[in-house]
Amino acid sequence: VHTLEGAGGRLFLESVAADLLALPGRRKGKYLPLALLVPHIGMVAVLHISPSLVVDMLEAMRDESVICCAAAQLLDVALKQLRQDLNDPLQAPLLPLGTPDQSADERWLGFWVGPMLAALTGDEAKIRTHVAVHALPIPLKQEGPRSLKALL
């Protein structure tokens, strides 16, 4: 990944990310490669390819704990990268999140809070359990009190 410099390399990486994002959610091999690509292509590219990324990851947590761990790693990387992109004056306006008058914090929270609450309050016990164990701790560790306040 580090040797792919320039526009051609970036387009290639975005193409690989698009292929991975097109795989079914139950495919464990989709999440770890995406977690490696996200820092190189940014969340602008990822969200233009897959606007429902968080919903898809949380939905995939229905199946197995192995997928849960891999999807949680991608969530961790995606939230960190999104935070960086939201604070980048060149990237932030390109992110398809929220509205331009919202703060970076509001847009960051808007990315994951709704899908996370929907998964935690949904009808399927497996998803509720897996999301509570694997996904919920990630934003709580990253932004602590702010994340908890947004969930309440």
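## Brief notes about the overall build of the protein chain
Scanning the protein chain from N- to C-terminus turns up 7 helices and 0 strands. Seen along its three principal axes, the alpha-carbon backbone of the protein chain occupies a region of about 45 × 35 × 20 Å. Within the protein chain, the fraction of its 152 residues that count as buried is 41%. Expressed as a percentage of contacts within the protein chain between residues at least 6 apart in sequence, the contacts between residues at least 24 apart total 65%. Surface exposure of the protein chain reaches about 8,000 Å², of which carbon and sulfur atoms provide 59%.

## Remarks on the state of the cysteines
Taken as a whole and assessed by the stated rule, the structure comprises 0 disulfides. With no disulfide of its own, Cys68 has Cys69 as its nearest cysteine by sulfur position, at a separation of 6.7 Å. Relative accessible area serves as the criterion here: at 0%, Cys68 is assigned to the buried category.

## A short note on the packing of aromatic side chains
Two aromatic rings are characterised by how far apart their centres lie and by the angle between their planes. In total, this model carries 1 aromatic pair according to the counting rule given. Over the ring of Trp108 we find Arg83, and its NZ or CZ is 4.7 Å from the ring centre.

## A short note on the confidence of the model for the protein chain
Mean pLDDT over the protein chain stands at 90; residues scoring 70 or higher make up 95%. Averaged over each element, pLDDT in the protein chain is lowest for helix H7 (residues 137-151) (87) and highest for helix H2 (residues 31-49) (95).

## Things to note about the packing of helix H5 (residues 104-120) against helix H6 (residues 125-135)
For any two helices packed against each other, the geometry is given by the interaxial angle and the distance between the axes. Two numbers describe how H5 lies on H6: the axes approach to 8 Å, and their chain directions differ by 135°. One finds that H5 runs oblique with respect to H6. Together, Met116, Ala119 and Leu120 of H5 and Ile127, Arg128, Val131, Ala132 and Ala135 of H6 make up the contact between the two elements. A per-class count over the contact of H5 with H6 returns 7 nonpolar, no polar and 1 charged.

## Things to note about the packing of H5 against H7
Viewed as axis vectors pointing N to C, H5 and H7 meet at an angle of 80°, and their least axial separation amounts to 11 Å. On the basis of their axis angle, the class for H5 and H7 is roughly perpendicular. Contact with H5, carried on its side by Asp105, Trp108, Leu109, Trp112, Val113, Met116 and Leu117, involves Pro139, Gln142, Glu143, Arg146, Ser147, Ala150 and Leu151 of H7 and no other residues of that element. For the contact of H5 with H7, a count of residues per class yields 9 nonpolar, 2 polar and 3 charged.

## Looking at H7
For H7, built from 15 residues, the straight-helix expectation of 21 Å at 1.5 Å per residue is missed by more than 12%, its first-to-last C-alpha distance being only 12 Å. At Glu143, H7 is bent by approximately 130°, the largest bend along its length, and proline Pro145 sits one to four residues beyond. Buried residues of H7: Ile138, Pro139, Glu143, Ser147 and Leu151, and no others. The elements touched by buried residues of H7 are helix H4 (65-86), H5 and H6.

## Points about the pattern of salt bridges
A side chain of one charge can pair with a side chain of the opposite charge if their charged atoms are brought near each other. Under the criterion given, the structure shown has 8 salt bridges. Note that Glu59 and Arg62 form a salt bridge whose closest N and O atoms lie 2.1 Å from each other. Judged by its relative accessible area of 37%, Glu59 is partly exposed. We classify Arg62 as partly exposed; its relative accessible area is 25%. One continuous salt-bridge network, built from bridges that share partners, spans Arg83, Asp105, Glu143 and Arg146.

Rules used in this analysis
- Residues numbered from 1 in each chain as written.
- Predicted model: local features only at pLDDT ≥ 70, side-chain atom pairs only at ≥ 80, totals over all residues.
- Heavy atoms only, no water.
- Helix = DSSP H or I, 4+ residues; strand = E, 2+ residues; numbered from the N terminus.
- Buried < 20%, exposed > 50% of the residue type's maximum accessible area, 1.4 Å probe, protein only.
- Contact = heavy atoms within 4.5 Å.
- Areas by Shrake-Rupley, 256 points an atom, 1.4 Å probe, with all protein chains shown as cover.
- Disulfide = S-S within 2.5 Å.
- Phe/Tyr/Trp six-rings, centres within 6.5 Å; stacked < 30°, edge-to-face > 60°.
- Lys NZ or Arg CZ within 6 Å of the ring centre and 35° of its normal.
- pLDDT = per-residue confidence, 0-100.
- Axes fitted to C-alpha atoms, helices over the stretch in contact; angles between N-to-C directions.
- Parallel < 35°, antiparallel > 145°, perpendicular 65-115°, else oblique.
- Nonpolar A, V, L, I, M, F, W, Y, C, P; charged D, E, K, R; others polar.
- Expected span 1.5 Å × (residues − 1).
- Bend = angle between axes of the 7 residues up to and from the residue.
- Salt bridge = Lys/Arg side-chain N within 4 Å of Asp/Glu carboxyl O.

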